[in-house]
Amino acid sequence: MNRSERDYIELCKKQLEEKFSFGNGQGYSQKDLELLSNYIEEEKGLYISLSTLKRLWKNSFKQGPQLATLNALAKTLDYDNWQDFKLKNKDYKVAHTDIAIHSEQVTEPASSKPWKLSLLFFFVLLITSLFLFVGSQKKDNPTTKGGISINGPVIFKADKTLSRGVPNTFIFNYDVSRVKADSFFIQQSWNDQRKERIDPMGTVFTSIYYESGFHRARLIANDSVIAMQPVHILSDGWEPHIYYDSSDERFVDFKGESFIAEGRFHLSRDLLLKKNVDATQYFVTRVGHSKDYKVSSDNFEFNARTKLDRMNNSNCPWLNILIITEKNAFNIELVQKGCEAYASYHIGEIRRNGKDNDLSLLGQNVFDWQEIGLYVKDKNAEIRINGELAYFETFEQDFGKVMGLTFIFEGKGSIDHIRLSDTKGTIAFEDNFER
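A brief structural summary. (Residues numbered from 1 in each chain as written. Predicted model: local features only at pLDDT ≥ 70, side-chain atom pairs only at ≥ 80, totals over all residues. Heavy atoms only, no water.)

**Let's talk about the nonpolar core**
Next, step 1: Ranked by internal contacts, the top residues of the largest apolar core, which has 63 residues, are Trp238, Phe254, Phe300, Phe302, Leu362, Leu374 and Phe407.
Next, step 2: One finds Leu33, Ile40, Leu53 and Trp82 within the second-largest nonpolar core, a separate group that totals 23 residues. (Core = buried A, V, L, I, M, F, W, Y, C linked by side-chain atoms within 4.5 Å. Buried < 20%, exposed > 50% of the residue type's maximum accessible area, 1.4 Å probe, protein only.)

Structure (structure tokens):
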């Protein structure tokens, strides 16, 4: 069956949509693509920018995506590479230009199988010989990655102009003179809306951060991350921001405003009016606190009491709590009862979502106060909801120290208290919002 490259790309997209449950079967959203980009980077060690994924899903490539992008997508589906994906999916049925994925495959005549097996064996020998030859020729050759050539060390360093608080300018020193690529960028964090082109002949680039926290700046050649640099901006207390689009760098800032009263964190309606927040639009609130808490992510105890406030109309309201570490983030996402398919948690390298796991215990009345706990001892983690054990996981990877605490509310929310300690009971951070 002859199939075009475009057909295989559409099939790959369909399989990714099914694997990651895009839009609950109702198309895809930007959040779906953001999560996919993060998954590919964190779980596969590869990088595809959000803008690349957008172009791919909108079919807006002029000459088609790069092979490095297609290889990364194939590996996300657990194939060896793009060629392996095409070989193992050549018998899927297609209807006109749409790809229809079926559990049954085209049955081959029995008489053709010995011939095809012999041919396959021949090609395996040929390809193996080619790899051995190429491997022997490339021992002293430059490193290649994602269609670029790296001929020596890459320099990427950062220094900030303020000890804490935002806005904060970071001075990046870089040297990409030994890298051959079409274009180079520095990206502040995971959000590729904050990616800026740099001069490959230059050595200094400055960038302003408007949100504190522990970020991982990226030095990018074409679509490949060639270096990363931790960027830690200590917060000046709690920092709430309202975003109309979670991928946009623009937000409503509450610096200098009073948002702690009556023993809780809370953005009042009067404060929203003062800041000209358009409550008729969809928005999310991020509330962050960041410092070096001197607590290992292998052993810590976290507890918080929080809830959503009644604001935007939403079919499935949610709130998300993140414990930011040096290398990743733990998170627990609560949803309104009945919306458990959208619940999720991320513990170490382990990700669970409500599409293919029973996360019914993360379905709560999110407009009532909820006590959320995460207790980790020697990489054994317990998620507790209102004092009851909900889920248990054991992770393996080392994620370094805890560097930040973040609450994300659909609409806006309140926090009653928060506590972070080591497993011996030594308190690293506590706030009861009594002012």
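**Points about the sheet that holds strand S6 (residues 168-175)**
Next, step 1: Strands sit in the order S5-S6-S10 across an open sheet of three strands; the sheet is antiparallel. Since the sheet does not close on itself, it has two edges, and those belong to strand S5 (155-160) and strand S10 (204-209), each with one partner. Each adjacent strand pair in this sheet contributes to an overall mean axis angle of 25 degrees, direction not counted.
Next, step 2: The pairing of S6 with S10 spans six bridges and is antiparallel. What sits directly across from Asn168, in S10, is Tyr209. (Pairing = 2+ DSSP bridges. Helix = DSSP H or I, 4+ residues; strand = E, 2+ residues; numbered from the N terminus. Axes fitted to C-alpha atoms, helices over the stretch in contact; angles between N-to-C directions.)

**A few points about the packing of helix H2 (residues 30-44) against helix H4 (residues 67-76)**
Next, step 1: Running from N to C, H2 and H4 cross one another at 80 degrees; their axes reach a closest spacing of 11 Å. One way to sum up the angle between H2 and H4 is to call them roughly perpendicular. On H4, the residues touching Leu36, Tyr39, Ile40 and Lys44 of H2 are Leu73, Lys75 and Thr76.
Next, step 2: Partitioning the contact of H2 with H4 into residue classes produces four nonpolar, one polar and two charged. (Parallel < 35°, antiparallel > 145°, perpendicular 65-115°, else oblique. Contact = heavy atoms within 4.5 Å. Nonpolar A, V, L, I, M, F, W, Y, C, P; charged D, E, K, R; others polar.)

**Details of the packing of aromatic side chains**
Next, step 1: Applying the stated criterion across every chain, the model contains 19 aromatic pairs.
Next, step 2: Plain terms: the ring middles of Tyr79 and Phe85 are 5.1 Å apart, the flat faces sit at 90 degrees to each other, and that makes the pair edge-to-face. Phe85 matches Tyr79 in its accessibility class, with the two residues each being buried.
Next, step 3: With centroids separated by 5.5 Å and ring planes inclined at 40 degrees, the aromatic side chains of Tyr345 and Tyr391 adopt a geometry described as tilted. In this pair, Tyr345 sits in strand S21 (residues 344-347) while Tyr391 sits in strand S26 (residues 388-394), placing the two residues 46 residues apart along the sequence. Judged on exposure class, the residue Tyr345 and its partner Tyr391 are both buried.
Next, step 4: Put simply, the rings of Trp238, Tyr293, Phe407, Phe409, Phe429 and Phe433 pair up and form one aromatic cluster. (Phe/Tyr/Trp six-rings, centres within 6.5 Å; stacked < 30°, edge-to-face > 60°.)

**A word on helix H3 (residues 50-57)**
Next, step 1: A large share of H3 lies buried, amounting to six of its eight residues.
Next, step 2: Taken together, the buried positions of H3 are Leu50, Thr52, Leu53, Lys54, Leu56 and Trp57.
Next, step 3: Packing partners of the buried residues in H3 comprise helix H1 (5-19), H2 and H4.
Next, step 4: Among the residues trailing H3, Asn59 stands out with phi positive, at a value near 55 degrees.

**Description of H2**
Next, step 1: With 15 residues, H2 ought to run about 21 Å at 1.5 Å a step, and its terminal C-alpha atoms sit 20 Å apart, in line with that.
Next, step 2: Burial in H2 covers these residues: Asp32, Leu33, Glu34, Leu36, Ser37, Asn38, Tyr39, Ile40 and Glu41.
Next, step 3: The inward-facing, buried residues of H2 abut H1, H3, H4, strand S11 (213-221), strand S12 (224-233) and strand S22 (350-353). (Expected span 1.5 Å × (residues − 1).)

**Side note on the sheet that holds strand S8 (residues 184-187)**
Next, step 1: Ordered in space as S9-S8-S11-S12, the four strands form an open sheet in which the pairing is antiparallel. Taken across any chain shown, the strands that pair with only one partner, and hence form the sheet edges, are strand S9 (195-197) and S12. Along the sheet, successive strands turn relative to each other by an average axial angle of 20 degrees, direction set aside.
Next, step 2: Sheet topology places S8 next to S11; four bridges connect them, and they run antiparallel. Within the sheet, the bridge partner assigned to Phe185 lies in S11 and is Ile220.

**Concerning the pattern of salt bridges**
Next, step 1: One pass over the structure, following the stated rule, counts 15 salt bridges.
Next, step 2: Between Lys88 and Asp84 there is a salt bridge, with the nearest N and O atoms lying 3.3 Å from each other. Of this pair, Lys88 and Asp84 both sit in helix H5 (residues 82-88), four residues apart, roughly one helical turn.
Next, step 3: Of the charged contacts in the structure, one is a salt bridge between Asp175 and Arg178, with a shortest N-O distance of 3.5 Å.
Next, step 4: Look at the salt bridges and you will find they share partners, linking Arg6, Glu10 and Lys13 into a network. (Salt bridge = Lys/Arg side-chain N within 4 Å of Asp/Glu carboxyl O.)

**With respect to the pairing of strand S28 (residues 413-421)**
Next, step 1: Burial runs high along S28: seven of the nine residues are buried.
Next, step 2: Pairing of strand S16 (residues 264-266) with S28, which is carried by two bridges, proceeds in the antiparallel orientation. Directly across from Phe265, in S28, lies its bridge partner Ile415.
Next, step 3: As judged from the eight bridges shared by strand S18 (residues 300-308) and S28, these two strands associate in the antiparallel manner. By the bridge assignment, Asn303 is partnered in S28 with Arg419.
Next, step 4: With four bridges joining them, S28 and strand S29 (residues 427-431) adopt antiparallel strand pairing. Pairing of Ile418 across the sheet is with Asp431, part of S29.

**Notes on the environment of Leu162**
Next, step 1: Checked against the element boundaries, Leu162 lands in the loop between S5 and S6.
Next, step 2: Sequence separation between Leu162 and Ile233 is 71 residues; the distance between their C-alpha atoms is 8.6 Å.
Next, step 3: In contact with Leu162, not counting residues within four places along its chain, are Pro167 and Asn168.

**Considering the environment of Asn168**
Next, step 1: By secondary structure assignment, the location of Asn168 is in strand S6.
Next, step 2: Taking relative accessible area as the criterion, Asn168 reaches 1% and is therefore assigned buried.
Next, step 3: Each C-alpha atom, one on Asn168 and one on Ser207, is 8.4 Å from the other, the two residues being 39 residues apart in sequence.
Next, step 4: Separated by 3.5 Å, the side chains of Asn168 and Thr161 make a polar contact.
Next, step 5: A polar contact is formed between the side chain of Asn168 and the backbone oxygen of Leu162, at a distance of 3.2 Å. (Polar contact = N/O pair within 3.5 Å; in protein donor to acceptor, adjacent residues only side chain to side chain.)

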